[in-house]
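Breakdown of the fold
What follows is each chain in one-letter form.
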Amino acid sequence: MLVYLARRVVYTIPILLGVSLVCFALVHIAPGDPLVSVLPPDASAELQAQLRALYGFDQPYIVQFLRWLGRALQGDLGTSIASGRSVTTEVVTAVGYTLRIAVLATLIGFFFGSLFGFVAGYYRGSAMDRIASFVSVLGVSVPHYWLGMVLVIIFAAILGWLPPTGKGDESSLWESFRHMILPAVTMSVIPMGIVARTVRALVADILSQEFVVGLRAKGLTDAGIFRHVVKNAAPTALAVMGLQLGYLLGGSILIETVFSWPGTGFVLNNAIFQRDLPLLQGTILVLALFFVILNLLVDMLQTALDPRIQRS
Amino acid sequence: MSAVDIRDLRVTFGGVVRAVDGVTLSIERGEVVALIGESGSGKSVTLRSLMRLHPPRATKMEGTIAVEGRDVLAMTPRALADYRGPIVSMIFQEPLLALDPVYTVGEQIMEIILRHEKVSRKEARARALALFERVRIPSPERRLDAYPHEMSGGMRQRAMIALALACRPKVLLADEPTTALDATVQIQILLLLRELQRDLGLSIIFVTHDLGAAVEVADRIAVMYAGRIVEEGTARELIRNPRHPYTIGLLKSRAHGVMEKGTRLDAIPGAPPDLARLPPGCSFAPRCAAAIESCQIEQPPSFVVEGGHRARCFRWKDAPAQLGAQALGAA
Ligand SMILES: Nc1ncnc2c1ncn2[C@@H]1O[C@H](COP(=O)(O)OP(=O)(O)O)[C@@H](O)[C@H]1O
Ligand code: SF4
Ligand SMILES: [Mg+2]
């Protein structure tokens, strides 16, 4: 198991290197002058050249990349052109915000997704199945900014139960939590739909297997068999949940905009529109890093849970 | 009281497929009966009916099944669950599919013990270990912690047998317990079953494609065709004096060396009838060389040949001669 783990960790190194190269390239291939947002329109050519040299944009790409990578390895992702603050700080703060609602959204989505999935898988073809399937399709296909706005109208504007936007007073845990609920619920419909579909298919497949007949033949009741269904479905269902968390970490630009939530989606959005190259690169790199690590964790979890996967 | 008494059992799936169509069979305590017949003749369905393992909504079961004096078809779900395991249990054809892949075999054996008896986990584990020793699994302590896919086919089938015996059942149902195994392992498993049967006084119904295995292990043999038992008798009676053309066909295919151990009983020309549209007369008529006109119109009843030897054939007296059974007997 330890050897397996070590090998998996080593395998992620080339992946991360590739990821950083791709994200560096993508950002630089895009047309437009990176300094346009900070330079006054009438800046002299001399000033432009000075700033360019200051940020290192005058160097060949390969030098820029290696420098950037070298600093990144030490935790320094450069300085945001727009705000002048450290990219690392900005990204870490944004990830922190997104992580909060993403985790909450994943938990909500996993809970209801599993619930719908189990009901639908157990009672295939019944009205319950159709309702659960409808809800899960809705979850994947409904526009999230729209859902977000509907929720805001209902729960904030009409009922007044929850705050409509913002992150709230962070010294109060309860206030912070109340601000997280609407964005997290809005975000949760995606993992909910996907988890519901996955679990439904898993449960249907498990129930059709011969070993379920074997369990009946042992005198197990439906409750006793349920335990086996859960344990068989768990590795895949949890893996899907982990990957969903990864996707949600990218933040949803639309959801974070609707709720003015200062997460990664929000930061990426600003970085793109302001052509803030260091911030854009840094954010993408950190997100990619999270995603790769999460994948690794999911894989290891699955290996630990599922005895059928060879640990070699 | 017989261990198993099946009367005129009819099992219909989805309202049309008559997989079992009037099976009457009784098994004495301590007796081993083999069910043989081509694939699709209703052997597994008959066996599973004894534990009511068919999907309840899609299945209609008629007739009566009494096991150790209990009316199986009248049982409540609770009574049924209590009955499965300690009274009757089953050995499946493919243990790799019949065992849960994500639990160790030890856990699965402990589970059935804990389900039916008030014992501690420690005791249950000790019992599982003793069972593994009983079915002669080497390094049993270690093997208890193995997952099904980590064992060889033969070991897995031994573990399956241990599981089936865990709650000391009175009746053991074995659905082609050796079909998935290599020839040498098949023999070991058959011998093990026979030994356990003697030691524990089990009644066994044993389904097989393999006439050789049936003769080896069974006291009596029942031959199934299209959901009916067409001939039954002791192994000796059936081999020496077969009365039904289908049985004769099976024996012939074997006598000609076509039927090696484990091969399918498919040496008779033609195919079994569609169970959703059974002919009005004898269901073997379309393939039968001895068929006469009345075979097409009426179903043959079960004729008594001698003692417990019965055949469902209008021509049970003369069909064998016509089909050359004498030559067979001489071979
Ligand atoms: N659950 C089921 N639903 C519908 N048909 C079934 C079911 N189980 C078995 N059958 C059908 O019943 C017939 C007899 O099957 P089976 O008893 O398994 O044959 P075998 O003699 O090979 O064991 C087959 O035609 C099979 O397709
Ligand atoms: S009853 Fe007629 S058709 Fe059926 S097996 Fe006997 S001879 Fe053949
Ligand atoms: Mg079968």
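As a starting point, this report considers the structure included with it. (Residues numbered from 1 in each chain as written. Chains lettered and ligands numbered in written order. Predicted model: local features only at pLDDT ≥ 70, side-chain atom pairs only at ≥ 80, totals over all residues. Heavy atoms only, no water.)

Considering the environment of Arg127 of chain B
Residues and elements named next belong to chain B. Along the chain, Arg127 falls in helix H5 (residues 121–134). Note: C-alpha distance between Arg127 and Thr64 (63 residues apart in sequence) is 35 Å. When neighbours within four sequence positions are excluded, Arg127 is seen to be in contact with Ile113, Glu117, Ala166, Cys167 and Arg168. Of note is the side chain of Arg127, whose polar atom sits 2.9 Å from the side chain of Glu117. (Helix = DSSP H or I, 4+ residues; strand = E, 2+ residues; numbered from the N terminus. Contact = heavy atoms within 4.5 Å. Polar contact = N/O pair within 3.5 Å; in protein donor to acceptor, adjacent residues only side chain to side chain.)

Things to note about the site of ligand 1
Residue and element names in this part refer to chain B. Around ligand 1, the structure places Phe13, Ala19, Glu38, Ser39, Gly40, Ser41, Gly42, Lys43, Ser44, Val45, Pro55 and Leu275. Ser41 places a polar main-chain atom, nitrogen or oxygen, 3.2 Å from an oxygen atom of ligand 1. Considering ligand 1 on its own, with 560 Å² of exposed area, one finds that the protein chains cover 63% of that surface. Examining the composition of the shell around ligand 1, we find that three residues originate from one element, helix H1 (residues 43–49), more than from any other. Considered class by class, the residues forming the shell around ligand 1 number five nonpolar, five polar and two charged. (Near = heavy atom within 4 Å. Areas by Shrake-Rupley, 256 points an atom, 1.4 Å probe, with all protein chains shown as cover. Nonpolar A, V, L, I, M, F, W, Y, C, P; charged D, E, K, R; others polar.)

Details of the site of ligand 2
Around ligand 2, the surrounding shell holds 13 residues, and the nearest of these are Cys282, Cys288, Cys295, Cys313 and Phe314 of chain B. Grouping the amino acids of the shell around ligand 2 by side-chain chemistry returns eleven nonpolar, one polar and one charged.

Considerations on helix H9 (residues 222–249) of chain A
In a regular helix each residue adds 1.5 Å, so 28 residues correspond to 40 Å; H9 of chain A covers 38 Å between its end C-alpha atoms and thus fits that length. The largest bend in H9 of chain A is about 45°, located at Ala234 of chain A, with the proline Pro235 of chain A one to four residues further on. (Expected span 1.5 Å × (residues − 1). Bend = angle between axes of the 7 residues up to and from the residue.)

Brief notes about the pairing of strand S8 (residues 203–208) of chain B
Put simply, side chains in a regular strand alternate between the two faces of the sheet. Residue and element names in this part refer to chain B. A large share of S8 lies buried, amounting to six of its six residues. Burial along S8 is two-sided: Ser203, Ile205 and Val207 facing one way and Ile204, Phe206 and Thr208 facing the other are all buried. Where strand S3 (residues 32–36) lies against S8, five bridges are found, and the strand directions are parallel. In the strand pairing of S8, Ala34 is matched with Phe206. Pairing geometry for strand S7 (residues 171–175) and S8, over five bridges, is parallel. (Buried < 20%, exposed > 50% of the residue type's maximum accessible area, 1.4 Å probe, protein only. Pairing = 2+ DSSP bridges.)

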